[in-house]
Amino acid sequence: MAMNGDLAAAFAISSIAFALAIYYTATAWFKHRERMAKIERGIDPDRLLATQPLSDRVKELARDPAKKIQAIKIYREETGASLAAAKRAVESFADSKDDRPNESITAERPPH
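Here is what the cut-offs are and how they apply
- Residues numbered from 1 in each chain as written.
- Predicted model: local features only at pLDDT ≥ 70, side-chain atom pairs only at ≥ 80, totals over all residues.
- Heavy atoms only, no water.
- Salt bridge = Lys/Arg side-chain N within 4 Å of Asp/Glu carboxyl O.
- Helix = DSSP H or I, 4+ residues; strand = E, 2+ residues; numbered from the N terminus.
- Buried < 20%, exposed > 50% of the residue type's maximum accessible area, 1.4 Å probe, protein only.
- Patch = residues over 30% accessible without salt bridge, like charges linked within 9 Å, V, L, I, M, F, W, Y side chains within 5 Å.
- Areas by Shrake-Rupley, 256 points an atom, 1.4 Å probe, with all protein chains shown as cover.

S.K.: Explain the pattern of salt bridges here, please?
M.R.: What the rule picks out here adds up to 3 salt bridges. Between E34 and K38 there is a salt bridge; the shortest N-O distance is 3.6 Å. One end of the pair, E34, and the other, K38, are both in helix α1 (residues 2-40), 4 residues apart, so they sit about a helical turn from each other. On the basis of relative accessibility, which here comes to 13%, the residue K38 falls in the buried class. Through salt bridges with shared partners, a single network forms among K68, K87 and E91.

In structure tokens:
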């Protein structure tokens, strides 16, 4: 009976090792595929900045909540950023008050 327990443990360990090997191989393949897609679009992945400024086109789209998805898509096309990074960049811009029209800022100023 002890032999069956050893055999089951060996099978479990080899199954886990096999699953991990497949996981790491698939992860590496997807990273390589993403890198090659950037290169094919003419983007050098080694020169990408951590955060790239939004173009005027993306800013214009990001100001309209109904066009936020389009702004994210354009930002990704322009920079090669991941979906998560593009979403953070666009939403950060949309949430900031620094780039809003001046009339909303002047309306809040107290009179002199």
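S.K.: Can you help me understand a nonpolar patch on the surface in this one?
M.R.: A surface patch of nonpolar side chains, amounting to about 470 Å² of accessible area, comprises I16, L20, Y23 and Y24. If you trace the backbone, L20 turns up in helix α1. L20 sits in the partly exposed class, given a relative accessible area of 43%.

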